[in-house]
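The primary structure of each chain is shown beneath.
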Amino acid sequence: MKTTTYIEAITEAMAEEMARDERVFLIGEDIGLYGGVFKATKGLQERFGVDRVIDSPISEAYIVGGSVGAAMVGMRPIPEIQFADFITPSMDQIIQQAAKIRYRTGGQWTCPMTVRVCCGGDVGGGLYHSQINEQWFFSQPGLVVLFPSTPYDAKGLLKSAVRGEDPVIYFEHKRLYRSIKEDLPEEDFTVPIGKAAVRREGKDITIVAYGLMAHRSIDAAKALENEGISAEIIDMRTLLPWDRETIYESIKKTSRAVLVQENTKTGGVMAEVSASITEDLFDYLDAPVTRVCGLDVPMLPFAPPLEHFFLPNADKIVKAVKKVMEY
Amino acid sequence: MAANQTVNKPSLKQISLSEETLMGLYTSLLRVRLLDERLRKLFRQGRFAGTYFSAVGQEATTVGPTYGLRDEDIIGPSHREIGAAVTKGLTFNEIIAQVFARSTSPDKGKSHPCHYGSRPKGVIHPASTVAGQTVVATGCAMAFKIQKKDNVAVAFFGEGATSRGGWHEALNYAGVHKLPIIYICQNNMWAESVPSTLQAGIDRFADRAKAYGFPGVTIDGNDIVEVYKTASEAIARARAGQGPTLIECLTYRWYGHSEIDPANYRRPEELEEWKKKDPVVRAEQLMIDLGLLTNEKREAMVEQITAEIEDAIKFAEASKYSEPEEAYLDVYSEKIPVRREES
Ligand SMILES: Cc1ncc(C[n+]2csc(CCOP(=O)(O)OP(=O)(O)O)c2C)c(N)n1
Ligand SMILES: [Mg+2]
């Protein structure tokens, strides 16, 4: 066992996959000698050379589109988007190429590519260094969308993505990079795509979250415990395709659900989860399925009081849970 | 600065700029340098949040093209254009309140410390996506043509931004329609940690203009006179309906990409070489050689500008942050409601 931070887990996953499979290569801005703006690729260019750890020009359309092409002819690219905010120039390549190449060619061409996207708020990053845009990809069949919240999942899911046959958008939350650690096994392991994790068992209410919000939800559950409310926490981990089974099983037990998402509320991942629960589990529910989300304003304003106001936190989750419990 | 002393002292006639213009350019350079260095210090002292992108060493590339523009002319800046903001007329109060993200900032604290802008002064508050304002400023120029106005647009960006597809789409359009726009490429040799040699397969970024059918020139971006004159000619041509120009200004940023970047990917000698070409010191020397400036006068200017900066810092620090509810404002026009959470 080795104590590993979330960002170290990501670095290790890439290093181990590159050592295991020579088809794996990295491309992105400032990822080479500099080791990435957050140091996720530290030491990798020295170890694997400039052909496998490529410092790209500022060309996101190419970083992703070029990776799609390379994947089509036998490579396993891991392109990096330095900040999720700057994924926009590559949308054409992700939506029109990566997501549809298999479908439009009768399965002849495929795109085994893992786009690493550094995202998330609560870092004082303001309007252009805090965005998460998971919901844009969540609505695109053909893509897999991952969002780990622990070092174990960060490493295991990244490996599954690289070894898989499909295009993956892999969100990593910059607030988690160095704020959480855990002991990881020395031997090779993967985490299956499409499986949620029960982070904490409980009987009164189910809280569903992912990314940073999984941690905020655990904080809320601890506070709720003192007040005699037992909350079960489910961390989705894979957003597309999401794990209905685990979430439904929990709600059948608790009959109440609060869904937490850092991003803006309208049209988000939790809108879909909520609609599905209401459609499929109506008879089990004792209270309305309730969401705690970022505000419906551009994600997210810079000044500290505005950022705080925008973001969901443990207090806001506790408040929502109590309301649902009292219903 | 021994390195810059010339044997034959220049004359105003040779330079063919008025005393007033030269003094105006120099004053702007000095204001920008003093403000920028002060803001760096404030960041290092933890007096404001986020980060800070210094443009020290590059001042001439933003002051030159902006000086002499009209309020109705639009500039589309990027993240390193404090010099353009100051020269286009944003006040120190506006700039420092922006940096401190206070309610008195033009953006009320919503965007980012270095995203200076002002509608009345014709400065587009930038987004961070590089080359974004190059595209938008080109759109402004398209409108000026349709409106038959003789306004111009000036887009500022680094050499790294020229790798983006949107940048090429904009310049292509401007070439087809001979739009009244001037593209200022600040080639400071680095885009974060990536050298310009990994950004383009050509030596001169100005050569990119060839593909779009308008002139591209590469100049000494640390020579305020050369920058000002080259830009002025381009602006005059644009106003006269003769289309765009791409001006590549060779320059160098003295500090890290942002204040949290130690910039240890560069050789120290490279920085030392460029420090010898300090655009502010060169302008100063020129002014002294022309008899337009003395040490005493310079001291007095520094003192007065410094006092102005300190006043603006006081103003910003005394200003409050916006109330949280401000987060809901300016999402839409008043006609469209924003969904608010219960509080
Ligand atoms: C589309 C996009 N990709 C990446 C970034 C992150 N980023 C910010 S500035 C920068 C380098 C810009 O280099 P250059 O255009 O040369 O300007 P300079 O910083 O040198 O002034 C990068 C990669 C961004 N802001 N936008
Ligand atoms: Mg540059």
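Bear in mind the structure is a predicted one, so any value in this text is a computation, not a measurement. (Residues numbered from 1 in each chain as written. Chains lettered and ligands numbered in written order. Predicted model: local features only at pLDDT ≥ 70, side-chain atom pairs only at ≥ 80, totals over all residues. Heavy atoms only, no water.)

(A) The pairing of strand β14 (residues 290-294) of chain A, seen in detail. All names here are of chain A. Here five bridges tie strand β13 (residues 257-264) to β14, and the two strands are oriented parallel to one another. Along β14, the bridge assignment pairs leucine 259 with arginine 291. For the handedness criterion, the β-α-β arrangement of β13, helix α10 (residues 269-281) and β14 is classed as right-handed. (Pairing = 2+ DSSP bridges. Helix = DSSP H or I, 4+ residues; strand = E, 2+ residues; numbered from the N terminus. Right-handed = clockwise from strand over helix to strand, strands pointing away.)

(B) Representation of the site of ligand 1 within the structure. Glu60 of chain A together with His79, Arg80, Asn188 and Trp190 of chain B are the nearest of the 20 residues found near ligand 1. Looking at what sits near ligand 1, you find residues from chains A and B. Here an oxygen atom of ligand 1 and a side-chain polar atom of histidine 79 of chain B are 2.8 Å apart. In this structure, an oxygen atom belonging to ligand 1 sits 3.0 Å away from a side-chain N or O atom of glutamate 159 of chain B. Notes on ligand 1: free accessible area 580 Å², of which the protein chains cover 97%. Residues belonging to the shell around ligand 1 are distributed by class as follows: six nonpolar, eight polar and six charged. (Near = heavy atom within 4 Å. Polar contact = N/O pair within 3.5 Å; in protein donor to acceptor, adjacent residues only side chain to side chain. Areas by Shrake-Rupley, 256 points an atom, 1.4 Å probe, with all protein chains shown as cover. Nonpolar A, V, L, I, M, F, W, Y, C, P; charged D, E, K, R; others polar.)

(C) Up close: helix α9 (residues 268-275) of chain B. Residues and elements named next belong to chain B. Within the sequence span of α9, burial applies to Glu270, Leu271 and Trp274. Burial along α9 is one-sided: seen end-on, the buried residues are contained in an arc of 95 degrees. Against the buried residues of α9 lie β4 (190-191) and β7 (245-250). (Buried < 20%, exposed > 50% of the residue type's maximum accessible area, 1.4 Å probe, protein only. Arc of directions from axis to C-beta. Contact = heavy atoms within 4.5 Å.)

(D) Expanded view of unusual backbone geometry. Looking along the chain, the bond that leaves leucine 240 of chain A and enters proline 241 of chain A is cis, with omega of -5 degrees. The amide bond that connects methionine 299 of chain A to the next residue, leucine 300 of chain A, takes the cis arrangement and shows omega of -20 degrees. The phi dihedral of arginine 237 of chain A is positive, around 65 degrees, even though this residue is not glycine. Considering the arrangement of structural elements, one finds arginine 237 of chain A in the loop between β11 (231-235) and β12 (238-240). The class for arginine 237 of chain A is buried, based on a relative accessible area of 11%. Its identity is not glycine, yet lysine 108 of chain B carries a phi of approximately 60 degrees, on the positive side.

(E) Examining the pattern of salt bridges more closely. Within this structure, the stated rule accounts for 47 salt bridges over all chains. We note a salt bridge from aspartate 122 of chain A to arginine 216 of chain A, for which the minimum N-O separation is 2.6 Å. Of this pair, aspartate 122 of chain A sits in the loop between β5 (114-119) and α6 (134-138) while arginine 216 of chain A is found in helix α8 (residues 212-226), placing the two residues 94 residues apart along the sequence. Assessed through its relative accessible area of 29%, aspartate 122 of chain A is described here as partly exposed. Two residues, glutamate 37 of chain B and arginine 40 of chain B, come together in a salt bridge whose shortest N-O distance is 3.2 Å. Pair noted here: glutamate 37 of chain B and arginine 40 of chain B are both in helix α2 (residues 19-44), with a separation of three residues, about one helical turn. Each of Lys2, Glu12, Glu16, Glu17, Arg20, Lys155, Lys159, Arg163 and Asp188 of chain A takes part in one network of salt bridges that share partners. (Salt bridge = Lys/Arg side-chain N within 4 Å of Asp/Glu carboxyl O.)

(F) Spotlight on the domain arrangement of chain A. All names here are of chain A. Partitioning chain A into domains gives domain 1 (2-184) and domain 2 (197-325). For domain 1 versus domain 2, the separation of C-alpha centres amounts to 26 Å. Counting residues at the interface gives 31 residues for domain 1, matched by 28 residues for domain 2. Summing the contributions of domain 1 and of domain 2, the shared interface buries around 2,300 Å²; its carbon and sulfur component is 59%. Among the ionic pairs, arginine 237 bridges to aspartate 153, the shortest N-O distance being 3.0 Å. The tally of links between domain 1 and domain 2 comes to 18 residue pairs in polar contact (both at pLDDT 80 or more). Put simply, the parts of the chain that give the side of domain 1 that touches domain 2 at least two residues each are α6, β6 (144-146) and α7 (151-163). (Domains from an automatic or database assignment. Buried area = accessible area lost by both parts, 1.4 Å probe.)

(G) Expanded view of the sheet that holds strand β3 (residues 53-55) of chain A. Residues and elements named next belong to chain A. One open sheet holds the seven strands; their spatial order is β3-β2-β4-β5-β7-β6-β12, and the pairing between them is mixed. Looking along the sheet, the strands with just one partner apiece sit at the ends: β3 and β12. Averaged over all pairs of adjacent strands, the angle between strand axes in this sheet comes to 20 degrees, irrespective of strand direction. Both β6 and strand β7 (residues 168-173) contribute to a ladder of three bridges, which runs parallel. For leucine 146, the partnering residue across the bridge sits in β7 and is tyrosine 170. Strands in contact with helix α3 (residues 60-72) are β2 (24-28), β4 (76-81) and β5; relative to β4, the strand with the most contacts, it is inclined by about 170 degrees. (Axes fitted to C-alpha atoms, helices over the stretch in contact; angles between N-to-C directions.)

(H) Inspection of the interface of chain A and chain B at higher detail. In this complex, chain A contributes 36 residues to the contact, which on the side of chain B involves 41 residues. Summed over both partners, the interface of chain A with chain B buries about 3,000 Å², with 64% contributed by carbon and sulfur atoms. Looking at the side of chain A facing chain B, the largest losses of area belong to Tyr34, Ile58 and Phe302 of chain A, adding up to 21% of the total buried there. Between chain A and chain B we count three salt bridges in total. The residue arginine 339 of chain B makes a salt bridge to aspartate 296 of chain A at a minimum N-O spacing of 3.6 Å. Counting every contact that joins chain A to chain B gives nine residue pairs in polar contact (both at pLDDT 80 or more).

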